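Next come the chains, spelled out residue by residue.
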Amino acid sequence: MRPPHFLIKWLSSRQQKRILKLSLCPEVIQEKVLREILGHFCETDLGRFFDLSKVDNIQDFNQLVPITTDLDYNDLIEDLKSNNRENTIQPGCLKYLAKTSGSTKKSKYIPYTDKLIKNFRRFSTNIILQFCHINERYDVLDENVLVGPATPITEGSDKGLTIGYATGIMTLLAPKFSKKIVKPSVEVISLPTIQEKLTAMINESYNLDIRSFSCVPSFALPVFEELFAEAKRRGQDPKSIRDIWPNFIMYIFSGAAVGPHEKRLRKFLGEDTPILEVYSATESPIAYQYSSTPGELYLDIESCFFQFQDVGSKVSSVRLGVHEIEVGKPYRILMTTYGGLMCYRIGDIVEFTSLNPPLIKILGREKEELNMAGIERLSLPMLHEFLDDLFAKYDLKREMFLLCPYFNESGGRGYHWCFELDNAPKSALDLLCDLDNDLMTYNSGYKLSRDANARLEKPRLSIVPRGTIDKYILNNKQFGQGKFMTVHNEATDSDKFFNYLRESDIELSTFKLED
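Below or above, wherever it landed, is the structure these notes cover. Predicted model, so just to flag it, every value in this text is computed and none were measured.

### Quick word on the overall build of the protein chain
- Across its full length, the protein chain holds 17 helices and 20 strands.
- Computed over the C-alpha atoms, the radius of gyration of the protein chain is 24 Å, within 12% of the 24 Å expected from 2.2 N^0.38 for a compact globule of 515 residues.
- Residue pairs in contact within the protein chain that sit at least 24 positions apart in sequence constitute 67% of those at least 6 positions apart.
- A total of about 22900 Å² of accessible surface is found on the protein chain, and carbon and sulfur atoms cover 49% of it.
- The distance from the centre of the 64 positive side-chain charges to the centre of the 70 negative ones in the protein chain is 4 Å.

As structure tokens, this is what we get:
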């Protein structure tokens, strides 16, 4: 039985009141969450490793539990994969191990404890209620919803573990009611190749009454392209997604910024379809869009225990609670999760736009800072600001781009800009010249590095067709799990991208200032 509209509306309204109530006492709520997490892990091998039995309050936690990264859990993960003994990380044996998408390095593994799975289910329910409230539409669950086809099982295990991508695991675990609503089916997401998944996904969903679609932007695009191609094969000429699915309500994205993709997405969605954001990592749910205002996300203070540090500070610096932060200031985010990650440095930078309720916007990755010469320290938001101002002079709009080093024959390095444009503009060399000169004005570290080519050689500029980076992600990531680092201070990862261009015979126009 589908939930009646009046019940969804009542639950949505109640959630708004609950958010505001929780926002009045974030310190109390967060301490309660921490106590619950610590109590759950206290008697496990993980709890004994971190001496959690000695933690009575947040002050004790800060003194006894260090900031951790994925490297601190390598031994635990290997033990789970090899032995998976009872009480290693939860009462009984672990059943699920999630694989991350590997946005900054090789993939990691995250224990999916029973508590974490329950937390993700709660979070998913809250997202639906919030987005029903925003859209004033309470019929989302009347028919079907579409999600990205993440692979549920990526490798085998003889220790009772299911190992796969988080979204795929949660699809496997969906209750019977949800499995009737959520598409694609387990059979489709288990298919081995991207094209097989795409074809089967569209065939399965085309004649259904799809109400929403949630997927990483770079993978949503090939889904929409295949959907519209199928419509044309069936003799239709759709102008927007509602010509195929008339009751389509919203597109939900997570995992990457939608900005560089929005223009292309709008070709399929139309201008009036809401695009709504969720901030959820493999490690834990975090936040979701609070209102119709893009980019302002409600920090779900019941999802895990959050702490923050000033961006650029040492890991030994003061950890701040939600109640101690300042609006408009960038912070490194730390999370203690229901999956057993203790004061975990996820690598993201956020900024609060409101305290009541706690609203955040994502600024980028800690490692996604331009510092090729060692003294520029340009964050991704600063780069975006610089490029937007520069592109306005050329009547261009910033879309997908890559910035990485190139090396000349003498070993000198310089900036290599790579932009997606349909055609190389006649003023490409002028654009490159302005990229160099304007950045010297914008950033003193870059100017110092460029003076007499002391640390950096003259920059270079490459132009590739729109959609190239998405194609690269599609061919080099698991479907539905793709993230793309824009800024690379070393050439290792960017070399893979340029090798892909050469192997795929993709048109590449490159300009040098010495030309």
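### Focus on the pairing of strand S18 (residues 413-420)
- Buried residues dominate S18, accounting for 8 of its 8 residues.
- Across 7 bridges, strand S17 (residues 401-407) lies against S18 in antiparallel orientation. What sits directly across from Leu 403, in S18, is Trp 417.
- What sits between the antiparallel neighbours S17 and S18 is a turn of 5 residues, in which Gly 411 has the positive phi angle 95 degrees.
- Strand direction decides the pairing type here: S18 and strand S19 (residues 457-464), joined by 6 bridges, are parallel. Note that in S19 the partner of Trp 417 across the bridge is Leu 461.

### Quick word on the packing of helix H11 (residues 217-233) against helix H12 (residues 262-269)
- H12 packs onto H11 with a crossing angle of 30 degrees between their chain directions and a minimal axis gap of 10 Å. Of the possible angle classes, the one that applies to H11 and H12 is roughly parallel. At the point where H11 passes H12, the crossing takes the left-handed sense. Taken together, the residues of H12 that come into contact with H11 (itself represented by Ala 220, Leu 221, Phe 224, Glu 225 and Phe 228) are Arg 264, Leu 265, Phe 268 and Leu 269.
- For the contact of H11 with H12, the class distribution of residues is 7 nonpolar, no polar and 2 charged.

### A short note on the sheet that holds S17
- The strand order across the open sheet built from 4 strands is S17-S18-S19-S20, with neighbouring strands paired in mixed fashion. Two strands lie at the open edges of the sheet, namely S17 and strand S20 (509-512), each paired on one side alone. When strand polarity is set aside, the average angle formed by the axes of neighbouring strands in this sheet is 25 degrees.
- Alignment of S19 against S20, held across 4 bridges, turns out to be antiparallel. Note on S20: the bridge partner recorded for Leu 461 is Phe 511.
- Seen against the sheet, helix H13 (residues 380-393) touches S17 and S18 and runs at an angle of roughly 65 degrees to S18.
- Strands in contact with helix H14 (residues 428-442) are S18, S19 and S20; relative to S19, the strand with the most contacts, it is inclined by about 135 degrees.

### Things to note about the sheet that holds strand S8 (residues 275-280)
- Taken together, 11 strands build an open sheet; the order of strands is S5-S3-S6-S7-S8-S9-S10-S14-S13-S12-S11 and the sheet is mixed. The sheet is open, and its two edges are formed by strand S5 (182-183) and strand S11 (305-310), each paired on a single side.
- Here 2 bridges tie strand S3 (residues 144-147) to S5, and the two strands are oriented parallel to one another. Looking at S5, one finds that Val 145 is bridged to Val 182.

### Remarks on H14
- For H14, with 15 residues, the first-to-last C-alpha span of 20 Å sits near the 21 Å given by 1.5 Å per residue.
- Among the residues making up H14, those that are buried are Ala 428, Leu 431, Leu 432, Asp 434, Leu 435, Asp 436, Leu 439 and Met 440.
- Buried-residue contacts for H14 involve strand S16 (378-379), H13, S18, helix H15 (444-450), S19 and S20.

### A closer look at H13
- Counted at 1.5 Å a residue, the expected span for H13 with its 14 residues is 20 Å, and the 20 Å between its end C-alpha atoms agrees.
- When we look at burial in H13, the residues that qualify are Leu 380, Leu 383, Phe 386, Leu 387, Leu 390 and Phe 391. Down the axis, H13 shows its buried residues gathered within 125 degrees of arc, on one side only. Along H13, exposed side chains directed more than 90 degrees from the buried face belong to Asp 389 and Ala 392.
- Positive phi appears at Asp 395, one or two residues downstream of H13, with a value of about 55 degrees.

### Quick word on the pattern of salt bridges
- Summed over the entire model, instances satisfying the criterion amount to 31 salt bridges.
- Across the salt bridge formed by Arg 137 and Asp 139, the nearest N and O atoms sit 3.0 Å from each other.
- Notably, a salt bridge pairs Glu 230 with Arg 234, separated by 2.7 Å at the nearest N-O pair.
- For Glu 230, a relative accessible area of 11% corresponds to the buried category.
- Each of Arg 137, Asp 139, Asp 209 and Arg 211 takes part in one network of salt bridges that share partners.

### Some thoughts on a nonpolar patch on the surface
- Together, Phe 6, Leu 7 and Trp 10 line one region of the surface with nonpolar side chains, adding up to about 350 Å² of accessible area.
- You can call Trp 10 partly exposed: its relative accessible area is 48%.

### A short note on the packing of aromatic side chains
- Scanning the entire structure with this criterion turns up 27 aromatic pairs.
- Grouping aromatic residues by their ring pairs yields a cluster made of Phe 213, Phe 224, Phe 228, Tyr 251, Phe 253 and Phe 268.
- Its guanidinium or amino end placed over the ring of Tyr 109, Lys 81 lies 4.0 Å from that ring's centre, counting from NZ or CZ.
- Directly above the ring of Tyr 206 sits Arg 234, whose terminal nitrogen or CZ lies 4.0 Å from the centroid.

### Some remarks on the environment of Lys 108
- Position of Lys 108 among the secondary structure elements: in the loop between strand S1 (96-99) and strand S2 (109-112).
- Dropping the residues within four chain positions of it, Lys 108 is found in contact with Asp 70, Ala 98, Lys 99, Thr 100, Glu 283 and Tyr 344.

### Notes on the nonpolar core
- Residues Tyr 112, Ile 286, Phe 308 and Met 342 are the most contacted members of the largest nonpolar core, which totals 83 residues.
- In terms of residue count, helix H6 (residues 114-135) provides more of this core than any other element does, 9 residues in total.
- With residues up to four places along the chain from it excluded, the contact list for Ile 286 reads Phe 123, Tyr 279, Ser 280, Ala 281, Tyr 298, Leu 299, Asp 300, Ser 303, Phe 306, Ile 333, Met 335 and Ile 346.
- In this structure, Ile 202, Ile 244, Tyr 472 and Phe 498 belong to the second largest nonpolar core, which totals 43 residues.

What counts and how
Residues numbered from 1 in each chain as written. Predicted model: local features only at pLDDT ≥ 70, side-chain atom pairs only at ≥ 80, totals over all residues. Heavy atoms only, no water. Helix = DSSP H or I, 4+ residues; strand = E, 2+ residues; numbered from the N terminus. Rg over C-alpha atoms; globule rule 2.2 N^0.38 Å. Contact = heavy atoms within 4.5 Å. Areas by Shrake-Rupley, 256 points an atom, 1.4 Å probe, with all protein chains shown as cover. Lys, Arg positive; Asp, Glu negative; His and termini not counted. Charge placed at Lys NZ, Arg CZ, Asp CG, Glu CD. Buried < 20%, exposed > 50% of the residue type's maximum accessible area, 1.4 Å probe, protein only. Pairing = 2+ DSSP bridges. Axes fitted to C-alpha atoms, helices over the stretch in contact; angles between N-to-C directions. Parallel < 35°, antiparallel > 145°, perpendicular 65-115°, else oblique. Left-handed = near helix turned anticlockwise from the far one by under 90°. Nonpolar A, V, L, I, M, F, W, Y, C, P; charged D, E, K, R; others polar. Expected span 1.5 Å × (residues − 1). Arc of directions from axis to C-beta. Salt bridge = Lys/Arg side-chain N within 4 Å of Asp/Glu carboxyl O. Patch = residues over 30% accessible without salt bridge, like charges linked within 9 Å, V, L, I, M, F, W, Y side chains within 5 Å. Phe/Tyr/Trp six-rings, centres within 6.5 Å; stacked < 30°, edge-to-face > 60°. Lys NZ or Arg CZ within 6 Å of the ring centre and 35° of its normal. Core = buried A, V, L, I, M, F, W, Y, C linked by side-chain atoms within 4.5 Å.

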